[in-house]
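Notes for the structure review
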Amino acid sequence: MLKICVCVSGGGTNLQAIMDAIDAGTITNTKIVRVISNNKNAFALERAKSKGVDAVAVSPKDYETRELFNEALLAAVKESEADLVVLAGFLVVLPEKMIQEYKGKIINIHPSLIPSFCGTGYYGLRVHEAALERGVKVTGATVHFVDEGTDTGPIILQKAVEVLSGDDAKTLQQRVMEQAEWKILPQAINMIANGTL
Ligand code: GAR
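Residues numbered from 1 in each chain as written. Predicted model: local features only at pLDDT ≥ 70, side-chain atom pairs only at ≥ 80, totals over all residues. Heavy atoms only, no water.

1. Topic: the overall build of the protein chain
When helices and strands are counted, the protein chain shows six helices and seven strands. Across the protein chain, helices and strands are ordered from the amino to the carboxyl terminus as β-α-β-α-β-α-β-α-β-α-β-β-α. Taking 2.2 N^0.38 as the reference for a compact globule, 197 residues should give roughly 16 Å; the C-alpha atoms of the protein chain span a radius of gyration of 16 Å, in line with that estimate. Projected onto the principal axes, the alpha-carbon positions of the protein chain cover approximately 45 × 40 × 30 Å. Counting over 197 residues, the protein chain shows a buried share of 50%. The long-range share in the protein chain, meaning contacts at least 24 apart out of those at least 6 apart in sequence, stands at 64%. Charge-centre separation for the protein chain: the mean point of 20 positive side chains lies 3 Å from the mean point of 23 negative side chains. (Helix = DSSP H or I, 4+ residues; strand = E, 2+ residues; numbered from the N terminus. Rg over C-alpha atoms; globule rule 2.2 N^0.38 Å. Buried < 20%, exposed > 50% of the residue type's maximum accessible area, 1.4 Å probe, protein only. Contact = heavy atoms within 4.5 Å. Lys, Arg positive; Asp, Glu negative; His and termini not counted. Charge placed at Lys NZ, Arg CZ, Asp CG, Glu CD.)

So, in structure tokens, the structure goes:
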């Protein structure tokens with residue numbers, strides 16, 4: 001049984017997709033042991049609690065320095081005894097120590113086809129605004145392992161999504177989530193859980 005710790009910052013629709021896929025049996029051999037958010041008010045925490053999943057907030061606002069927050073975050077992850085950490089819309093730069101200790105054991109979902117529209121400053125809606133500004137006709141999402149860089153780790157899965165005329169950042173974000181993110185993140189977890197990666 002693969003034990004996963006899911007880290008979230010906001011609405012948690014990707015977390016929901018993971019929980020739904022476990023319920024539906026499209027992710028097998030997997031248990032969510034903890035959900036961690038840097039934002040106490042993240043709706044994702046409510047989603048976890050309503051499923052009876054252990055949900056904790058580790059907010060930088062509660063720590064005097066970034067180092068203390070980093071230590072608390074790593075401690076919360078370690079305490080979960082997870083085999084895999086899943087960043088599902090986690091908008092925090094991970095502590096280097098965590099990246100080193102969990103090498104090959106952290107995956108992230110990014111809402112573009114890496115290497116387009118990724119790296120520092122590209123997160124959430126901003127990614128889709130940049131895609132529209134550039135005028136690409138195809139975008140998508142990427143699941144990748146996390147290394148020391150920003151969105152630079154080995155790619156696990158990608159899925160393309162068409163940009164439609166009349167799209168704004170919000171409609172594009174929604175389509176990328178529905179057609180790509182909510183599919184490839186559960187799929188990647190299932191592959192890792194069942195040794196088919
Ligand atoms: C998702 O679109 C995810 O790909 C993105 O944040 C959103 C979170 O939505 N992540 C990044 O931009 C990371 N660079 P959710 O809370 O509804 O899953």
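2. Regarding the side chain of S112
Position of S112 relative to the elements: it lies in the loop between β5 (106-110) and α5 (125-134). Given the relative accessible area of 0%, S112 is considered buried. Here the side chain of S112 touches F117 through a polar contact of 3.2 Å, landing on its backbone oxygen. Dropping the residues within four chain positions of it, S112 is found in contact with F117, C118, V127, T139, G140, A141 and T142. (Polar contact = N/O pair within 3.5 Å; in protein donor to acceptor, adjacent residues only side chain to side chain.)

3. What about the pattern of salt bridges?
Where side chains of opposite charge bring their charged atoms close, a pairing between them can arise. Under the definition given, this model contains ten salt bridges. The partner of D54 in a salt bridge is R34, and the shortest N-O contact between them spans 2.6 Å. Placement of D54 in the loop between α2 (43-50) and β3 (55-57) and of R34 in strand β2 (residues 30-37) is noted, with a sequence separation of 20 residues between them. In this structure, K40 engages D62 in a salt bridge whose closest nitrogen and oxygen atoms are separated by 3.0 Å. Pair noted here: K40 is in the loop between β2 and α2 and D62 is in the loop between β3 and α3 (66-80), with a separation of 22 residues, a long-range link. Here the salt bridges do not stand alone but share partners, grouping R34, D54 and E79 into one network. (Salt bridge = Lys/Arg side-chain N within 4 Å of Asp/Glu carboxyl O.)

4. Thoughts on the site of the ligand
Taken together, 15 residues lie around the ligand, and G12, T13, N14, G124 and E181 are the ones closest in. Within the side chain of N14, one N or O atom sits 2.9 Å away from an oxygen atom of the ligand. G124 is positioned with one of its backbone polar atoms (N or O) 2.8 Å from an oxygen atom of the ligand. Protein chains bury 91% of the 450 Å² of accessible surface belonging to the ligand in isolation. Among the secondary structure elements, those contributing two or more residues to the shell around the ligand are α1 (13-24), β5 and α6 (169-193). (Near = heavy atom within 4 Å. Areas by Shrake-Rupley, 256 points an atom, 1.4 Å probe, with all protein chains shown as cover.)

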